[in-house]
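Now for the letters of each chain:
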Amino acid sequence: MVNVMNQHTGRTSIPLDGEWRFFLDPADEFSSGKLPEAARFESRIRVPGSWEEQGFGDEPLLQQIDTWTKIREYTGTGWYRLEFEAEAAPENGAARLTLAGVRWASQVWLNGRYAGRESSLSVEHVHDVTGLLVPGRNELLIRVDNRMLLPLADSHIHTRHTATEWGGITGGAVLELLPPLRIRGVRVTPDLAGRAFRCLVETDGDPGAVAGCRVIARFTAPSGETFEASADCQGTGTQVVCPLGEFPAYWSDVSPLLYEAEFALARGGATEDRVRQRAGFREFRAEGQRLLLNGAPVFLRGYADCCIFPLTGYPSWDKEHYARQFRIAKSYGFNHVRLHSWTAPAPFWEAADEAGMLVQAELPHWSALYQPRSAVPDGEVDAFLEAELIRIYDRLNAHPSFVLFSMGNELVEDDGNVRLNEWVRLAKERDPSRLATDNTGFGQLPEQDRAGDFYIHSFNWHKPLKTEEIAKPATDRDFSAVTRLTDKPVLGHEHAQFSMYVRPQEREKYTGVLRPTWLETTEETLRRKGLDARVDEFIAASGVHQVRSLKEALERVRRTPGAAGFQLLDIRDFPGQGHATTGILDVFWDDKGFADPETFAGFNGPTSLLMECVTRTFYAGETLSARLLVSHYGEALPLTGRVGWSLKSGGEVLGEGSFPLSGQTRGSVEAAGTVRVALPDSGACSLVLEAWLEEEGGRGAIRNEWSFWAFDRVRPDPSYASVWTSAASLKLAFYGIRSEPGPSFDAAASIRRGLRLAVVDRLTTPVLQYLANGGRVWLMAGESEIADAVVTKYLPVFWNYLMFSEQAGGTMGTVIRPHPALGAFPHDGNSDWHWYHLFNGAPAVCLDAVPEIEPIVEPVDNFNRAKRLAYAFEANVGRGRLLVTTLNFRAADDLKKPETAFLLRQFLDYARSEAFRPQGSMTLGQVLGLFRLRGIHSFL
């Protein structure tokens, strides 16, 4: 039984949450209109809640290897029954039942009479039950159908990779009794020029009751000051303009001030109806390639919310759940979130309004139904999506955080689709205060006749750019090759997507209806290979590498003329599509320990410091020259203060200074000045350029830093004559080295004359003979010489290996051991930008067949495949010693780089020294298993 709660607003609300009678109908026995008898409702279920979390459904047929697995699954219909007490609806009034969090369709019967069917994936289901309620006891039946009713299975609102194919009434149920004359809806549009809210109040009920009725709009500012306006009712829609005084309270991403709004219908001194909501006084529009918030440029620092709920498997209806997300995202500098192919529940929008998040909503749409341009989409799908658009716009009008809208994810081919263009125009007609675009991610620029106020295109792979070039050591790069193709704002689609190692410790957090079954196959692989004890080491190496790569990828967007922002995929891990560990946070919004908020916000805040330099590596004695830039989208108008800087090596300050800022305008990227420091004449070292911005007025400094390295030049050395090589490029790097073609090598003669080291780029029988009899061999193996070569790239795995197995490179960071072979080469044990040209495109040797051999430089393979890889390792072979490298030492162009020439010298000195004493051993057969043997015929 349920009690009535009177809200004294002309409306009566009857909450229906609690325990209901329930049964599943897998055979769809009652699909023809016949109603189930009361005896069929043998089970009990709570509303709100899903079927699965309350024990309904079967064990899954499959344990997923590429995403999580639910503990129970059910697809079909379920029936709810509730008896409740209620008073009759007011005479000539109305009654409506609202069901929140239903996927996908609901049908309602009240006291045995059919009320209708509602279908939506984006908003609450509202059923008109006017005339069906009786005084006293009532019986309510609800049929919920969670089947995939239309071919829209890839939308994140219900794909198995994200929110899962959940069922139930997860947001609650409420019955409202409405007065005879009532407010059907309110549309509020801020008018910044007029310093007023323009309101359209739509009424419903007896048309005769409109005579003598008056609409009253009242707005209470955050300060407590109240503003009121009224107008005589005009038919079913009345315009009311409410001025807000000389100094309205503006809503923004930095200062999310909200008005409390109340709208009332008054007649004859009595209030017929009243509704309350909140409103934000803000304007969001495009001007050229810039996005303007309240007339000022704003840069969208965003991430994609992919409808991931690891405990429930369905979207939460808890406002604090979202408020926590936004607090965390804001702490890292983000001000924007894109809802990937879904639109969030009401608590999300309430929290977003309060946090000042700028949100892009989307239709629940990820399909190829609108490809190619001439495609005629399925009529039922098309009608459903258009109706969803209207429902979303009507539902979200009150929320200032709703600023962008897209028709769905990756929908079109290069030239777009006429139907999506029509929807853009429909959205603009519905509410011109929001910006709309035809789809997120696909199509090409120039846009031709594609409709859109803005465009979202990948900086990862939009032609002419390439994924593997999204971040490079040269920080003078940008993405203007894409942004220059249009004169409208461009956002970076699903930016970066750098993965790190899987974290098994997250398993214990899965206490709900989902299990991280992708871990099972991964952990079995690691156990079988004896790598399970090294997982923490791989996590650390890949986590550091991910953040370093991500920093440059984000700063590169900030340096790009015409870029309006980016949408990172993702701030947290994505559990599906192969399990993409792309987040700096895990799926529970918890920190992984590699990106602290303060440091991250230093390059991801409203105003940030950037750096431009053509290289990260220098020769000792050269002058480091780097431009410091300020990307300013903060509050200061204009920005004044100073940019300070220092260049350090270890604890030693090599140079320092500052540049004044004389008044930088908001929405600009401007050079503060150029740092020039003469580097020490000798010695290899790591360098850190620190910069900070101190705004006038004494506010806290904005900081950023970048790493550089300097290396000694390689000088001639008479001892090079004791080294023989078949690698032709080495004679360019080491004057005096004995260089001959491979067939010229004579093992016996080399031993007799005391050859110190043979450096070869391929394995031959004479070289093996020399090695087995006590010689020292350095094999600089290329891809063609390795039996099971794994070609790598410097940047981490894009998304994940299971989904993109053909991508160039499948590794995610590097473990670099403290080893004498590296000599004085500066490093911190992890990948960093001075390794870029040494690693990028280099092959790695798989050491699975020789588990006793430990790498010196070890690329971390993706966790799905988990090969033991090496860029460099050593071993005893027979009576000889073998050093193997696959680093990019083999081409003359590579050896022109300071870091490559220096590291090559370190390896060369090590291989000739007494320190060259490998710990592990290999047989000749094992060597031949790793590398191809080139016989004499190979040279003919």
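Residues numbered from 1 in each chain as written. Predicted model: local features only at pLDDT ≥ 70, side-chain atom pairs only at ≥ 80, totals over all residues. Heavy atoms only, no water.

1. A short note on the overall build of the chain
The line we're drawing: By the criteria applied, helices consist of DSSP H or I runs no shorter than four residues and strands consist of E runs no shorter than two, each listed in order from the N terminus. Two things to know: the radius of gyration comes from C-alpha atoms, and the globule rule equals 2.2 Å times the number of residues to the power 0.38. Between buried and exposed lies partly exposed: a residue is buried under 20% and exposed over 50% of the maximum accessible area for its type, with that area taken using a 1.4 Å probe on protein chains only. Contact criterion: two residues are considered in contact whenever any of their non-hydrogen atoms come within 4.5 Å of each other. Only the protein chains shown count as cover for residues, and the accessible areas themselves come from Shrake-Rupley with a 1.4 Å probe.
Looking only at helices and strands, the chain features 14 helices and 52 strands. Here the C-alpha atoms of the chain give a radius of gyration of 33 Å, agreeing with the 30 Å that 2.2 N^0.38 yields for 940 residues. For the chain, the C-alpha atoms occupy an extent of roughly 115 × 70 × 50 Å along the three principal directions. Split into buried and exposed, the 940 residues of the chain put 60% on the buried side. Of the contacts made within the chain by residues no fewer than 6 positions apart, 71% connect residues no fewer than 24 positions apart. Within the structure as shown, the chain displays about 34,600 Å² of accessible surface, and the carbon and sulfur contribution to it stands at 48%.

2. Details of the pattern of salt bridges
Rules: In what follows, salt bridge is the name for a side-chain nitrogen of Lys or Arg lying within 4 Å of a carboxyl oxygen of Asp or Glu.
Considering all chains together, one arrives at 68 salt bridges under this definition. Its salt-bridge partner being Lys 428, residue Asp 453 comes within 3.3 Å of it at the nearest N-O pair. Pair noted here: Asp 453 is in the loop between strand E28 (435-437) and strand E29 (455-457) and Lys 428 is in helix H4 (residues 418-430), with a separation of 25 residues, a long-range link. Relative accessible area serves as the criterion here: at 23%, Lys 428 is assigned to the partly exposed category. Bridged by salt links that share partners, the residues Arg 81, Glu 83, Glu 85, Arg 137 and Glu 139 form one connected network.

3. As for the confidence of the model for the chain
Let me state the cut-off plainly: Each residue carries a pLDDT score, the predictor's own confidence in it, on a scale running from 0 to 100.
Per-residue confidence for the chain gives a mean pLDDT of 94; residues scoring 70 or more make up 98%. Note on residues 1-8: pLDDT is under 50 here. Beyond four places in sequence and across chains, it has 21 contacts.

4. Topic: a negative patch on the surface
Rule in force here: Patches here: salt-bridge-free residues with over 30% relative accessible area, like charges joined within 9 Å, nonpolar side chains (Val, Leu, Ile, Met, Phe, Trp, Tyr) joined within 5 Å. Residues scored as charged are limited to Lys and Arg (positive) and Asp and Glu (negative), so that His and the chain ends carry no count. A charge is said to be at NZ when it belongs to Lys, at CZ for Arg, at CG for Asp and at CD for Glu.
On the surface, Asp 58, Glu 59, Glu 73 and Glu 165 cluster together into a patch of negative charge. Its location among the elements puts Glu 59 in the loop between strand E5 (49-50) and strand E6 (69-70).

5. Here's the deal with the nonpolar core
To keep things clear, this is the line we draw: The set of buried Ala, Val, Leu, Ile, Met, Phe, Trp, Tyr and Cys residues whose side-chain atoms join them within 4.5 Å is what this entry labels a nonpolar core.
Formed by 121 residues in total, the largest nonpolar core has its most connected members in Tyr 303, Phe 348, Met 407, Trp 778 and Phe 907. What Phe 907 contacts, discounting residues up to four positions off in sequence, is Trp 778, Ala 821, Leu 822, Ala 872, Leu 883, Thr 885, Leu 887 and Phe 889. Formed by 31 residues, the second largest nonpolar core is a distinct cluster that contains Val 513, Leu 514, Trp 518 and Ala 580.

6. Description of unusual backbone geometry
Note that the residue after Gln 371, namely Pro 372, is joined by a cis bond; omega there is -10°. Looking at the secondary structure, you find Pro 372 in the loop between strand E26 (358-362) and helix H3 (379-396). Cis geometry is adopted by the peptide bond preceding Asp 570, which originates at Leu 569 and carries an omega value of 15°. Along the chain, Asp 570 turns up in the loop between strand E32 (563-568) and helix H8 (597-604). The residue Gln 577 is not glycine, and still its phi comes out positive at about 55°. By secondary structure assignment, the location of Gln 577 is in the loop between E32 and H8.

7. Points about the sheet that holds strand E38 (residues 668-678)
Hydrogen bonds along the backbone pair up the strands of a sheet, which may run parallel or antiparallel. So the rule is basically this: A pair of strands counts as paired when DSSP detects no fewer than two bridges linking them. Whenever a helix is involved, its axis is fitted only over the stretch in contact; in every case the axis is a line through C-alpha atoms, and angles between N-to-C directions fall within 0 to 180 degrees.
What the 3 strands build is an open sheet, ordered E33-E35-E38; its pairing is antiparallel. Sheet topology places strand E33 (607-612) and E38 at the edges, where each strand pairs with a single neighbour. Taken over all neighbouring pairs, the strand axes of this sheet differ in orientation by 25° on average, direction set aside. Where E33 and strand E35 (residues 623-632) come together, 6 bridges link them in antiparallel fashion. Opposite Leu 610, over in E35, you have Leu 629 as the bridge partner. Sheet contacts for helix H7 (residues 535-558): E33, E35 and E38; angle to E33, the most-contacted strand, approximately 100°.

8. Some details on the side chain of His 365
Worth spelling out the cut-off: Within 3.5 Å is the distance limit for a polar contact, defined as a pair of N or O atoms, with the added protein rule that one can donate a hydrogen and the other accept it, and that residues adjacent in sequence qualify only through two side-chain atoms.
The residue His 365 is located in the loop between E26 and H3 in this model. In this structure the side chain of His 365 is engaged in a polar contact, spanning 3.2 Å, whose partner is the backbone oxygen of Met 407. Every residue in contact with His 365, bar those within four places of it in the chain, is listed here: Leu 152, Ser 155, Ser 341, Tyr 370, Leu 385, Met 407, Gly 408, Asn 409 and Leu 411.

9. Topic: the sheet that holds strand E47 (residues 843-846)
Overall, antiparallel pairing links the 3 strands, which are arranged E45-E47-E49 in an open sheet. The outermost strands of the open sheet, each flanked by one partner alone, are strand E45 (790-791) and strand E49 (869-870). When E45 meets E47, the two strands line up antiparallel, connected through 2 bridges. The partner of Val 790 across the bridge, within E47, is Ala 844.

10. Examining the packing of H7 against H8
What counts here: Angles are sorted into four bins: roughly parallel if under 35 degrees, roughly antiparallel if over 145, roughly perpendicular if 65 to 115, and oblique for all others. Classification convention: Asp, Glu, Lys, Arg as charged; Ala, Val, Leu, Ile, Met, Phe, Trp, Tyr, Cys, Pro as nonpolar; all other residues, Gly among them, as polar.
Taken N-terminus to C-terminus, the directions of H7 and H8 make an angle of 30°; their axes are 9 Å apart at the nearest point. In this view, H7 runs roughly parallel relative to H8, as classed from their interaxial angle. Taking contact as the criterion, the partners of Leu 550, Lys 551, Leu 554, Glu 555 and Arg 558 in H7 are, on H8, Phe 600, Phe 603 and Asn 604. Residues that form the contact of H7 with H8 fall into these classes: 4 nonpolar, 1 polar and 3 charged.

11. Comments concerning the pairing of strand E24 (residues 300-305)
Where we set the bar: Handedness is read with the strands pointing away from the viewer; a crossover is right-handed when the path from the first strand over the helix to the second is clockwise.
In terms of burial, E24 is largely enclosed, as 6 of its 6 residues are buried. Of the two faces of E24, the one holding Leu 300, Gly 302 and Ala 304 and the one holding Arg 301, Tyr 303 and Asp 305 are both buried throughout. Across 4 bridges, the pairing between E24 and E32 is parallel. Considered in E32, the bridge of Leu 300 is made with Gly 565. Of the strand pairs in this sheet, E24 and strand E25 (residues 336-339) are connected by 4 bridges, and their pairing is parallel. Residue pairing for E25: Tyr 303 is matched across the bridge by Val 337. What joins E24 to E25 is helix H1 (residues 319-331), and the crossover it makes is right-handed.

12. What to know about the packing of H1 against helix H2 (residues 346-355)
Note the threshold: Helix crossings are classified by the rotation of the near helix relative to the far one: an anticlockwise turn of less than a right angle makes the crossing left-handed, while a clockwise turn makes it right-handed.
Interhelical geometry of H1 versus H2 gives an angle of 35° and a closest axis separation of 8 Å. Like other packed secondary-structure pairs, H1 and H2 cross with a definite hand, here right-handed. Packed against H1, whose contacting residues are Lys 319, Tyr 322, Ala 323, Phe 326 and Lys 330, the element H2 presents Pro 347, Phe 348, Glu 350, Ala 351, Ala 352, Glu 354 and Ala 355 at the interface. Per-class residue counts for the contact of H1 with H2 are 8 nonpolar, no polar and 4 charged.

13. A short note on the packing of aromatic side chains
The cut-off we apply is this: When the centres of two rings from Phe, Tyr and Trp lie within 6.5 Å, Trp using its six-membered ring, the rings pair. Their planes under 30 degrees apart give stacked, over 60 give edge-to-face, and anything left gives tilted. In our convention, an over-ring charge means Lys NZ or Arg CZ found within 6 Å of a ring centre and within 35 degrees of that ring's normal.
Summed over all chains, the structure comprises 60 aromatic pairs. Note on Tyr 322 and Phe 348: the rings are 5.4 Å apart at their centroids and 80° apart in plane angle, and the pair reads as edge-to-face. Residue Tyr 322 is found in helix H1, and its partner Phe 348 is found in helix H2; the two are separated by 26 residues along the sequence. Classification of Tyr 322 by relative accessible area gives buried; the value is 0%. Where Trp 778 meets Phe 889, the ring centres are 6.2 Å apart and the plane angle is 85°; that geometry is what we call edge-to-face. Of this pair, Trp 778 sits in strand E44 (residues 776-780) while Phe 889 sits in the loop between strand E51 (880-885) and helix H13 (898-912); the two residues are 111 residues apart in sequence, bridging distant segments of the chain. You can call Trp 778 buried: its relative accessible area is 0%. One aromatic cluster is present, formed by Phe 309, Tyr 322, Phe 326, Trp 342, Phe 348, Trp 349, Tyr 393, Phe 402 and Phe 405 through successive ring pairs. Positioned above the aromatic ring of Tyr 619 is the side chain of Arg 713, whose terminal nitrogen or guanidinium carbon lies 4.1 Å from the ring centre.

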